[in-house]
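Here are the chains, one letter per residue:
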Amino acid sequence: EKMRVIVRCKPTTKERLIQLEKNEFILQRPKSNLRKNYPFERVVSETESTPELYKNHLQDLVDHILRGRSSSVIAFGAGGTGKSYTTRGVDGLVRSFGRDIFKGLRGDTNSMLSLSVLMSAITAPVQSNMTGRQITHEVLLDGLLPAGDVGDYRGGLHVREHPSKGFFVEGLNEVVINSEEELEKFIDSALHNCNAEDERRTAGGNGAPLKVHCLFSFKVRRRDGSGMVDTAELQVVDLAGYAREKKGGAQIARGGEKSGPLGEDIVLKAFLRIMSSLEMNSSHIPLRDSKMTRVLSKALSGRWLCATVTHVAMDSYEESEAVLLLTMKFCSITFSTRTKDDKRLEDVAGKKERIQHLCSKLEISWEGLKSSSICIEHVASEELLELRELLAEVEAIGKNHEEWEAVCSSSDRFKAGEGTMVARLDRKAKVQGREGGEGRKAAGRELSVRENVNVQVTEGHNMAEISTKLALLRERKALHAKK
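Just so it is clear, the model here is predicted, and its values are computed rather than measured.

A tally of regular secondary structure across the chain gives 14 helices and 20 strands. Out of the 483 residues in the chain, the part that is buried amounts to 43%. Sequence-distant contacts, at least 24 apart, represent 71% of the contacts inside the chain between residues at least 6 apart. Accessible area of the chain: about 27100 Å², with a carbon and sulfur share of 50%.

See below:
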């Protein structure tokens, strides 16, 4: 099926350079007779509100996730066109999706709704000592943790790859929603943290991010009588403003002004490269070019249903033309989405009986048998292949049950305050004044003491005290190396 493309018009009080007739955009270049037309199937006019956009074009995605099908909604457009208002506003998509999903799961004791928030901050460009080029970095932040009094970015969260589950963010908090009050509380907290990061970007200064991308993820887990857990996910992505480039690589924002310090947005460039590859049906899709696109790999590779909400400013000709051209490319992208096989949701007891029957037939002991212990040769019987598949399915059921319990326990710890009491791993603490500098120097000298020094124990030395100090020094050195 085709990618679902929705185009939203931003209201303006200035001179309108773009006209909308039914579902067709008409661009009239100033002081010329050049006209360009861009037709679309789904268009949201300036008079329509965000709840109307959600009800007419995106509300059916709630039924998709309740039926076990994952999907993703991506807000795209130039800077200042209302992407954050659509996704993170009072009646934005994040709140609407969260409320409707929770209502759909109300009363179901075998289902669980969880929320996680990820922010991708693009750091200010730094000149490389080797190449002399301006380099920007992408830092992943946990949106459920408060920023507090922080300094420069340090390393951020890391994206790992699981052989069967794909990409995931290591250390990202995931909180289970048990009531409407908890839903509103954690969404308000996440939106406050995202807005604080945006204000930090707007204020500028040392260490301020160049751009901030936000990802809100709702996960629905369902557990049947056999113990099999089925997981579906809905992602709402707020991409930072797109800025066209002129000759020389300068980024030009709305009104012809430069969009902050010169530096490339890694996430947006990777996103546009992926869309170009999908449009041309390329054999290689560059999903690994940024951390955020790795997290969105399932949505951008056709495994999920993907929808884009493009925002267009009616008073800007150059930027709106560039955004509409890119949106026309989105309309030509087709996905072959995969549906889940219901045959794997069979009774576990029946599978175990079948495993015992196959083991007795093949004269194999089934106690402690695992799928990895079965070696398949070129000439293998059908019973041996079936046995390995059944063992793998039963092992997957056990892992899903462990994941269910792990998510519940980590969410309980986060709600109890253990997650918020730990210092953020993605920041460097601010140290002000002379005392802070002397403290850092003393800590550096203490960590730099060699451990393999031959200590001469003479009269008057306390051996227990010396061994205790050496043990503390080893622990600090190991912690410093780990960081």
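The end-to-end C-alpha distance of helix H9 (residues 317-331), which contains 15 residues, comes to 21 Å, matching closely the 21 Å that a straight helix rising 1.5 Å per residue would cover. Those residues of H9 that sit buried are Tyr317, Glu319, Ser320, Glu321, Ala322, Val323, Leu324, Leu326, Thr327 and Phe330.

This next bit is on the environment of Lys10. Mapped onto the secondary structure, Lys10 falls in strand E1 (residues 4-10). Considered as a pair, Lys10 and Lys83 are 73 residues apart in the sequence and their alpha carbons are 9.7 Å apart.

Glancing now at empty space enclosed by the protein. Per the stated rule, a full pass over the model turns up one cavity of 30 Å³ or more. Within this model, the largest cavity holds a volume of roughly 40 Å³. What lines the largest cavity is simply Leu272, Met275, Ser276, Glu279, Leu326, Lys329 and Phe330. Where the lining of the largest cavity is concerned, the elements lending two or more residues are helix H6 (266-279) and H9. No other element matches the four residues that H6 contributes to the lining of the largest cavity. In terms of residue class, the lining of the largest cavity is built from four nonpolar, one polar and two charged.

The next thing to look at is the pairing of strand E4 (residues 35-39). Here five bridges tie strand E3 (residues 24-28) to E4, and the two strands are oriented antiparallel to one another. If you follow Glu24 over to E4, its bridge partner there is Pro39. Hairpin connection of E3 to E4: six residues between the antiparallel strands, including Lys31 at a positive phi of 60°.

With that out of the way, let us pick up the nonpolar core. General note: in soluble globular proteins, nonpolar side chains tend to be found buried as a group. Phe25, Phe76, Phe271, Leu300 and Phe330 are the most contacted members of the largest nonpolar core, which has 49 residues in total. Element by element, the count of residues in this core is highest for H6, at seven residues. Not counting the four nearest positions on each side in its chain, Phe76 is found in contact with Lys83, Leu239, Tyr242, Leu268, Phe271, Leu272, Val309, Thr310, His311, Val323, Leu326 and Phe330. One finds Phe186, Val212, Cys214 and Ala307 within the second-largest nonpolar core, a separate group that totals 45 residues.

As a further point, take the confidence of the model for the chain. Mean pLDDT over the chain: 78, with 78% of residues reaching 70 or higher. At the low end of the mean pLDDT range in the chain sits helix H13 (residues 433-447), at 45; at the high end sits helix H4 (residues 93-105), at 94. In the model, residues 247-262 has pLDDT below 50 throughout and makes 32 contacts with residues more than four positions away in sequence or in other chains. In this model residues 420-460 is a low-confidence stretch, pLDDT under 50, and it forms 46 contacts with partners more than four residues away in sequence or in other chains.

Here the focus is the sheet that holds E3. Read from one edge to the other, the open sheet built from three strands follows the order E2-E3-E4, with strand pairing classed as antiparallel. The strands lining the two open edges of the sheet, one partner per strand, are strand E2 (18-21) and E4. Along the sheet, successive strands turn relative to each other by an average axial angle of 20°, direction set aside. Across the sheet, H9 touches E2, E3 and E4, and the angle it forms with E4 is around 40°.

The subject of this paragraph is the packing of H4 against helix H5 (residues 180-203). One can describe the packing of H4 onto H5 by two numbers: an axis separation of 11 Å at closest approach and a directional angle of 160°. When the axis of H4 is compared with that of H5, the two are roughly antiparallel. In this structure, the crossing between H4 and H5 has a hand that is right-handed. Facing Val94, Arg95, Gly98, Arg99 and Phe102 of H4, the residues of H5 in contact are Glu180, Leu183, Glu184, Ile187, Asp188 and Leu191. The class makeup of the residues in the contact of H4 with H5 is five nonpolar, one polar and five charged.

Scanning the entire structure with this criterion turns up seven aromatic pairs. Measuring from centroid to centroid gives 5.9 Å for Phe76 and Tyr242, while their planes differ by 45°, and the two rings are tilted. Of this pair, Phe76 sits in strand E6 (residues 71-77) while Tyr242 sits in the loop between strand E16 (229-238) and strand E17 (244-245); the two residues are 166 residues apart in sequence, bridging distant segments of the chain. On the accessibility criterion, Phe76 (0% relative accessible area) is buried. Looking at Tyr242, the relative accessible area reads 17%, which means it is buried. An angle of 40° between the planes, with centres 5.9 Å apart, marks the rings of Phe76 and Phe271 as tilted. Here Phe76 is found in strand E6, whereas its partner Phe271 is found in helix H6, with 195 residues between them in sequence. Assessed through its relative accessible area of 2%, Phe271 is described here as buried. Taken together, the ring pairs in this structure connect Phe76, Tyr242, Phe271 and Phe330 into an aromatic cluster. The aromatic ring of Trp404 is capped on one face by Arg223, whose charged end is 4.1 Å from the ring centroid.

Conventions used here
- Residues numbered from 1 in each chain as written.
- Predicted model: local features only at pLDDT ≥ 70, side-chain atom pairs only at ≥ 80, totals over all residues.
- Heavy atoms only, no water.
- Helix = DSSP H or I, 4+ residues; strand = E, 2+ residues; numbered from the N terminus.
- Buried < 20%, exposed > 50% of the residue type's maximum accessible area, 1.4 Å probe, protein only.
- Contact = heavy atoms within 4.5 Å.
- Areas by Shrake-Rupley, 256 points an atom, 1.4 Å probe, with all protein chains shown as cover.
- Expected span 1.5 Å × (residues − 1).
- 1 Å grid on protein atoms, 1.4 Å probe; cavity = no way out; pocket = protein on both sides within 12 Å on 5 of 7 lines; lining within 4 Å.
- Points joined across faces, edges and corners; volume = space filled by probe spheres on them.
- Nonpolar A, V, L, I, M, F, W, Y, C, P; charged D, E, K, R; others polar.
- Pairing = 2+ DSSP bridges.
- Core = buried A, V, L, I, M, F, W, Y, C linked by side-chain atoms within 4.5 Å.
- pLDDT = per-residue confidence, 0-100.
- Axes fitted to C-alpha atoms, helices over the stretch in contact; angles between N-to-C directions.
- Parallel < 35°, antiparallel > 145°, perpendicular 65-115°, else oblique.
- Left-handed = near helix turned anticlockwise from the far one by under 90°.
- Phe/Tyr/Trp six-rings, centres within 6.5 Å; stacked < 30°, edge-to-face > 60°.
- Lys NZ or Arg CZ within 6 Å of the ring centre and 35° of its normal.

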